Amino acid sequence: MTTAASSPSSNGIALPTYADVEAAAERIRGAAHHTPALTSRTANERTGANLVFKAENLQRMGAFKFRGGYNAIAALSAEQRRAGVLTYSSGNHAQAIAYAGKLLGAPTTIIMPQDAPAAKVAATRGYGAEIVSYDRYSQDRLALGSKLASERGLTLIPPYDHPAVIAGQGTATKELIEDAGQFDIILVCLGGGGLLAGALLAAKALNPGCRVYGVEPEAGNDGQQSLRKGEIVKIDVPKTIADGAQTPFLGDYTFPIIRDLVEDIVTVPDAALVAAMRFFAERMKLVVEPTGCLAAAAAFTGAVPVEGKRVGIILSGGNVDLASFARFIGEGA
Ligand SMILES: *Cc1c(COP(=O)(O)O)cnc(C)c1O
């Protein structure tokens, strides 16, 4: 069997390229927010670095996932859109698909864990999606998703392992580099790897000398293990407050891109996420959800040495219900 020669490939699948990120940028133009790149003198003083934060917590529906979700639905045929789309997600991708589906006239069905954060479930339902619940510690959402999709004739758009999703997520880093200039280092949180893979495609095209790091919660370092081993390592669903990074394994599209292009994958403990949340609330007046603090926490804790460097940091989302936010903020007081 031969594989496509036009783009890098792994196991015969055609991986997305920077051209797909550019196409995504055109598709989402006017629909997604072009979020600001923010700086903080205090953060620079504390780290001895020059940090630039890409505020995807201010993205539509509160996270970068709107980029990939909108791009993936917009890329479907009119017929596929009319028939509807389905996904499984612990929250932000669900909201992204529900909201993008509403804007693009595609009915949406979302498979969500029973213990998903209340604010995320309510918001997803609010965008008009049909919700199907499952138990994330015992049921296989992939199998459930494929079954429902084929029964109902829906197009499955998974949360990270999809070329159009990866390409859409890459537009955040494209904007960051185009707006703020060249970086020595870019730090990106890592769940299933859609955001990191997209960031790598954008950074290697626009800022080739930049070192891009993935950041995972300490309890869920499957990406780090996979990178060390050279193959996808699956772990049990990790217990961490970074609910957006509870994915137990990387994908067939995201892993080869990450393996080939990432500088390294580091981890940070949950306590560092809480400290970062407090910092953003107190000093920058930003609400950033725990998962959204992963990349910044790597700079703040020194998990990635940043002194003297110009560093891009993706704040990936801000969807945390206020009761949890208050509890987290209170913890370190
Ligand atoms: C989904 C998500 C992540 C992880 O993104 P992946 O593409 O799965 O690696 C990080 N932060 C937030 C806020 C998310 O919603």
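Before reading further, recall that the structure is shown in the block above.
Residues numbered from 1 in each chain as written. Predicted model: local features only at pLDDT ≥ 70, side-chain atom pairs only at ≥ 80, totals over all residues. Heavy atoms only, no water.

So, the packing of helix α1 (residues 18-28) against helix α8 (residues 163-180)
Reasoning step 1: It is the contact of α1 with α8, at a shortest axis distance of 8 Å, that shows an interaxial angle of 85°. By the angle class used here, α1 and α8 are roughly perpendicular. Here Tyr 18, Asp 20, Val 21, Glu 22, Ala 24, Ala 25 and Ile 28 of α1 come into contact with α8, specifically with Ala 167, Gly 168, Gly 170, Thr 171, Lys 174 and Glu 178.
Reasoning step 2: For the contact of α1 with α8, the residue count by class is six nonpolar, three polar and four charged. (Axes fitted to C-alpha atoms, helices over the stretch in contact; angles between N-to-C directions. Helix = DSSP H or I, 4+ residues; strand = E, 2+ residues; numbered from the N terminus. Parallel < 35°, antiparallel > 145°, perpendicular 65-115°, else oblique. Contact = heavy atoms within 4.5 Å. Nonpolar A, V, L, I, M, F, W, Y, C, P; charged D, E, K, R; others polar.)

Considerations on the nonpolar core
The nonpolar side chains of a soluble globular protein tend to be buried with one another.
Reasoning step 1: In this structure, Phe 53, Leu 187, Ile 258, Phe 280 and Ile 313 are the most contacted members of the largest nonpolar core, which totals 69 residues.
Reasoning step 2: Top element by residues in this core is helix α9 (residues 194-206). It accounts for eight residues.
Reasoning step 3: Setting aside anything within four residues of it in sequence, one finds Ile 313 in contact with Leu 51, Val 52, Phe 53, Lys 54, Leu 176, Leu 187, Ala 295, Ala 296 and Ala 299.
Reasoning step 4: Counting residues in each nonpolar core, the second largest holds 27 residues, with Tyr 99, Ala 100, Met 112 and Val 165 among its members. (Core = buried A, V, L, I, M, F, W, Y, C linked by side-chain atoms within 4.5 Å. Buried < 20%, exposed > 50% of the residue type's maximum accessible area, 1.4 Å probe, protein only.)

Focus on the site of the ligand
Reasoning step 1: Not every one of the 15 residues close to the ligand is listed here, only the nearest: Lys 65, Asn 92, Gly 191, Gly 193 and Ser 316.
Reasoning step 2: A distance of 2.7 Å separates an oxygen atom of the ligand from a polar atom in the side chain of Lys 65.
Reasoning step 3: Between Gly 191 and the ligand, the recorded distance is 2.8 Å, taken from a backbone N or O atom to an oxygen atom.
Reasoning step 4: For the ligand, whose unbound accessible area comes to 380 Å², protein coverage reaches 97%. (Near = heavy atom within 4 Å. Polar contact = N/O pair within 3.5 Å; in protein donor to acceptor, adjacent residues only side chain to side chain. Areas by Shrake-Rupley, 256 points an atom, 1.4 Å probe, with all protein chains shown as cover.)

Observations concerning the state of the cysteines
Reasoning step 1: Inspection of every chain in the model, using the stated rule, returns zero disulfides.
Reasoning step 2: Cys 210 takes part in no disulfide bond, and the closest cysteine sulfur to it belongs to Cys 189, at a distance of 15 Å.
Reasoning step 3: For the unlinked cysteine Cys 293, the closest cysteine sulfur is that of Cys 189, found at 9.7 Å.
Reasoning step 4: Here Cys 293 falls in the buried class, since its relative accessible area comes to 0%. (Disulfide = S-S within 2.5 Å.)

Some details on the packing of aromatic side chains
Reasoning step 1: By the definition in use, this model includes seven aromatic pairs.
Reasoning step 2: With centroids separated by 5.6 Å and ring planes inclined at 50°, the aromatic side chains of Phe 66 and Tyr 99 adopt a geometry described as tilted. With Phe 66 in helix α3 (residues 65-74) and Tyr 99 in helix α5 (residues 92-104), this pair connects stretches of sequence that are 33 residues apart.
Reasoning step 3: Accessibility expressed as a relative area gives 0% for Phe 66, which makes it buried.
Reasoning step 4: According to the relative accessible area criterion, Tyr 99 is buried, its value standing at 16%.
Reasoning step 5: Centroid distance Phe 279 to Phe 280: 5.6 Å. Interplanar angle 75°. Geometry classified as edge-to-face.
Reasoning step 6: Using a relative accessible area of 0% as the deciding quantity, one classes Phe 280 as buried.
Reasoning step 7: Members of the aromatic cluster, each reached through a chain of ring pairs, are Phe 53, Phe 279, Phe 280 and Phe 300.
Reasoning step 8: Directly above the ring of Phe 249 sits Lys 234, whose terminal nitrogen or CZ lies 4.6 Å from the centroid.
Reasoning step 9: Stacked on the ring of Tyr 137, the Lys or Arg Lys 239 has its end atom at 4.7 Å from the ring centre. (Phe/Tyr/Trp six-rings, centres within 6.5 Å; stacked < 30°, edge-to-face > 60°. Lys NZ or Arg CZ within 6 Å of the ring centre and 35° of its normal.)

Concerning the layout of surface pockets
Reasoning step 1: The space that makes up the second largest pocket amounts to roughly 290 Å³.
Reasoning step 2: Around the second largest pocket sit 16 residues that line it, and Pro 117, Ile 241, Asp 243, Ser 324 and Phe 328 are the ones nearest its centre.
Reasoning step 3: Among the elements that line the lining of the second largest pocket, the one with the most residues is helix α14 (residues 322-331), at three residues.
Reasoning step 4: A class-by-class count of the residues in the lining of the second largest pocket yields six nonpolar, four polar and six charged. (1 Å grid on protein atoms, 1.4 Å probe; cavity = no way out; pocket = protein on both sides within 12 Å on 5 of 7 lines; lining within 4 Å. Points joined across faces, edges and corners; volume = space filled by probe spheres on them.)

With respect to the environment of Ala 72
Reasoning step 1: Along the chain, Ala 72 falls in helix α3.
Reasoning step 2: For Ala 72, a relative accessible area of 3% puts it in the buried group.
Reasoning step 3: Setting aside chain neighbours within four positions, we find Ala 72 in contact with Ile 157, His 162, Ala 164 and Val 165.

What about the sheet that holds strand β6 (residues 108-113)?
Reasoning step 1: Spatially, β7-β6-β5-β8 is the arrangement adopted by the four strands of the open sheet, whose pairing is parallel. A single partner strand is all that each edge strand has here, and the edge strands are β7 (130-134) and β8 (155-156).
Reasoning step 2: Here strand β5 (residues 85-88) pairs with β6 via four bridges, running parallel. In the sheet register, Tyr 88 faces β6, and the bridge partner there is Ile 111.
Reasoning step 3: Its contacts with the sheet put helix α6 (residues 118-126) on β6 and β7, and the angle it makes with β6 is roughly 170°. (Pairing = 2+ DSSP bridges.)

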